[in-house]
Amino acid sequence: MKISVLGAGAWGTALAIQAAARHEVLLWARDAAAVQAMREQGRNSHYLPEASLPSALRIESDLALAVAHATQSDEPGLIIVATPMAALRAMLASLPDGARVLWLCKGFEAGSGLLGHEIARQVQPRLRVGILSGPSFAQEVAAGQPTALVAASEDEALAQAAVEAFHSERLRVYTSNDPVGVEVGGAVKNVMAIAVGTADGLRLRAERTAGIGDAPGLNARAALITRGLAEMLRLGLALGARGETFMGLSGMGDLVLTATGDLSRNRRVGLLLAEGLPLAQILRDLGHVAEGVYSAPTVLARAQAKGVDMPITAAVVAVLEGRLSPAEAVELLMSRQSRAEI
């Protein structure tokens, strides 16, 4: 299969590395200088410095050429959009009718509040589209460590194409026909990871100063993950998803990994907020996109429009906007009136 990966960040590079052993893979990067550096160094030194790029992997900066690689051959190819959510609309608009495309970005589009499949329906309704998601850190995928993903599309043949492209001994790809649920899970888990990171950061800070006192502990982490999953489920159902999707890889699986894993950028944002660092500095020093920061206000707005209660999300937004301190957000959540769990 001819596969074009549009976006040479850590995740796009990792998938390109994994697929290059079995398919004709082209990795596209916007920056021509970065492309030349990857060709010369044999690695993506900025986003994935530990991983070697296979000699068979083709790297280009010409977008039209990259699109043609996967769309202008006798056998149908596959395009993987590996850009941040903010660039998904433009990428989809640049693709020809009928192209098979999966995106990796997770979140709601700022401004419009749309999920990826809603954007695709708006800008390119004749594309064959889906999402590749699940609990995965790019470094581990590039290193060949065991990982499981889910390819979600209403187009069953497209989901199977994702299996053909990426399923291997070390990378299992399951299929789903619930793209709404998979996308909601991928978007909301990033917001919850900021919440859990913030609570963990308060605990770690208290431990360093031997003043644990009322600081949240591991009990609070478990509560945030569990109640965060409940918020994810409520929003998903309101948007037309199926409940069982959130018990799977893109729901519970991705939530647990992103909220607790040391490689999680969104968790890292929460940890640093708990240290008292300003958000602008955190994002500047991070060097990568933390989608939860940009998705949180949109998740909350979409939930409010549907009449869905999401108190953890609201608290995260208040902290990001500087209206609450991390400690005040925890206190606010703990002071909520008791209610039935389900």
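Residues numbered from 1 in each chain as written. Predicted model: local features only at pLDDT ≥ 70, side-chain atom pairs only at ≥ 80, totals over all residues. Heavy atoms only, no water.

*Asks:* Can you walk me through the domain arrangement of the chain in this structure?
*Replies:* Put simply, an interface is often sized by how much accessible area is lost when its parts join up. Here the domain parsing of the chain yields domain 1 (2-177) and domain 2 (181-335). Each partner contributes residues to the interface: domain 1 has 31 residues there, and domain 2 has 26 residues. Taking both sides of the interface into account, the surface hidden between domain 1 and domain 2 amounts to around 2200 Å²; carbon and sulfur atoms contribute 65%. Broken down residue by residue, the surface that domain 1 buries against domain 2 is led by K106, F108 and F137, which jointly contribute 34%. For the interface between domain 1 and domain 2, the tally reads two salt bridges. The salt bridge involving D254 is made with K106; its shortest N-O contact spans 2.6 Å. Of all the secondary-structure elements, those providing two or more residues to the side of domain 1 that touches domain 2 are helix 5 (116-123), strand 8 (128-133), strand 9 (147-152) and strand 10 (171-176). When residues in the side of domain 1 that touches domain 2 are grouped by element, the largest group, four residues, is from strand 9. By residue class, the composition of the side of domain 1 that touches domain 2 is 17 nonpolar, 11 polar and three charged. (Domains from an automatic or database assignment. Contact = heavy atoms within 4.5 Å. Buried area = accessible area lost by both parts, 1.4 Å probe. Salt bridge = Lys/Arg side-chain N within 4 Å of Asp/Glu carboxyl O. Helix = DSSP H or I, 4+ residues; strand = E, 2+ residues; numbered from the N terminus. Nonpolar A, V, L, I, M, F, W, Y, C, P; charged D, E, K, R; others polar.)

*Asks:* Can you help me understand the sheet that holds strand 10 in this one?
*Replies:* Here we have eight strands laid out as an open sheet, ordered 5-2-1-6-7-8-9-10, and mixed in their pairing. Of all strands in the sheet, those with a lone pairing partner are strand 5 (58-60) and strand 10, marking the two edges. Sheet twist, expressed as the mean angle between neighbouring strand axes with direction ignored, is 25 degrees. Pairing between strand 2 (residues 24-28) and strand 5: three bridges, direction parallel. In the strand pairing of strand 5, L26 is matched with R58. Against the sheet, helix 7 (residues 156-166) engages strand 1 (2-6), strand 6 (78-81), strand 7 (100-103), strand 8, strand 9 and strand 10, with an angle of about 180 degrees to strand 10. (Pairing = 2+ DSSP bridges. Axes fitted to C-alpha atoms, helices over the stretch in contact; angles between N-to-C directions.)

*Asks:* What's the story with the pairing of strand 7 in this structure? I'm lost.
*Replies:* Every regular strand shows the same layout, with side chains that alternate between the two sheet faces. The two faces of strand 7 match: R100 and L102 on one face and V101 and W103 on the other face are all buried. Crossover connection from strand 6 via helix 4 (residues 88-93) to parallel strand 7: handedness right-handed. Of the strand pairs in this sheet, strand 7 and strand 8 are connected by four bridges, and their pairing is parallel. In the strand pairing of strand 8, L102 is matched with G130. Handedness of the strand 7-helix 5-strand 8 crossover: right-handed. (Buried < 20%, exposed > 50% of the residue type's maximum accessible area, 1.4 Å probe, protein only. Right-handed = clockwise from strand over helix to strand, strands pointing away.)

*Asks:* Could you clarify how one ought to interpret the nonpolar core in this entry?
*Replies:* General note: in soluble globular proteins, nonpolar side chains tend to be found buried as a group. Ranked by size, the top nonpolar core spans 43 residues in total, and within it V184, V188, L235 and V269 carry the most contacts. Elements with a minimum of two residues in this core: helix 8 (179-208), helix 9 (218-238), helix 10 (249-260), helix 11 (265-274), helix 12 (279-286), helix 13 (291-305) and helix 14 (311-320). Here this core takes 10 residues from helix 8, the largest share from any one element. In this view, V269 contacts L279, I282, L283, L286, A290 and V293; residues no more than four positions away in its chain are not counted. (Core = buried A, V, L, I, M, F, W, Y, C linked by side-chain atoms within 4.5 Å.)

*Asks:* Quick question: what am I supposed to make of the pairing of strand 2 here?
*Replies:* Counting buried residues in strand 2 gives four out of five residues, a clear majority hidden from the surface. With five bridges connecting them, strand 1 and strand 2 associate as parallel partners. Within the sheet, the bridge partner assigned to I3 lies in strand 2 and is V25. The parallel pair strand 1 and strand 2 is bridged by helix 1 (residues 10-19), and the resulting crossover is right-handed.

*Asks:* Is there a simple way to think about helix 12 in this case?
*Replies:* Owing to its 3.6 residues per turn, the α-helix brings residues three or four apart onto one side. Those residues of helix 12 that sit buried are L279, I282 and L286. The arc that holds every buried residue of helix 12, seen down its axis, measures 60 degrees, which confines them to one face. Set apart from the buried face of helix 12 by more than 90 degrees, the exposed residues are A280, R284 and D285. Following helix 12 by one or two positions, G287 has its phi on the positive side, about 80 degrees. (Arc of directions from axis to C-beta.)

*Asks:* Looking at this structure, I do not really get helix 10. What am I missing?
*Replies:* Here helix 10 spans 15 Å end to end across 12 residues, near enough to the 16 Å set by a 1.5 Å rise per residue. Among the residues making up helix 10, those that are buried are S250, G251, D254, L255, T258 and A259. Viewed along the axis of helix 10, the buried residues span an arc of 115 degrees, placing them on a single side of the element. Close packing links the buried residues of helix 10 with strand 8, strand 9, helix 8, helix 9 and helix 11. (Expected span 1.5 Å × (residues − 1).)

*Asks:* Would you explain a nonpolar patch on the surface in this entry?
*Replies:* There is a patch of nonpolar side chains on the surface, built from M247, M252 and V256 and spanning about 250 Å² of accessible area. Topologically, M252 is positioned in helix 10. Classification of M252 as partly exposed rests on a relative accessible area of 37%. (Patch = residues over 30% accessible without salt bridge, like charges linked within 9 Å, V, L, I, M, F, W, Y side chains within 5 Å. Areas by Shrake-Rupley, 256 points an atom, 1.4 Å probe, with all protein chains shown as cover.)

*Asks:* Would you mind showing me how to read the pattern of salt bridges here?
*Replies:* Two side chains that carry opposite charge are able to pair once their charged atoms sit near each other. Enumeration over the complete set of coordinates arrives at 15 salt bridges. Residue D97 is joined to R126 by a salt bridge in which the shortest nitrogen-to-oxygen separation is 2.9 Å. Here the residue D97 occupies a position in the loop between helix 4 and strand 7, and R126 occupies one in the loop between helix 5 and strand 8, the gap between them amounting to 29 residues. Residues R323 and E321 are paired through a salt bridge, measuring 2.9 Å at the closest nitrogen-oxygen approach. Classification of E321 by relative accessible area gives partly exposed; the value is 47%. Taken together, the shared-partner salt bridges in this structure form one network comprising D200, R203, E207, R221 and R267.

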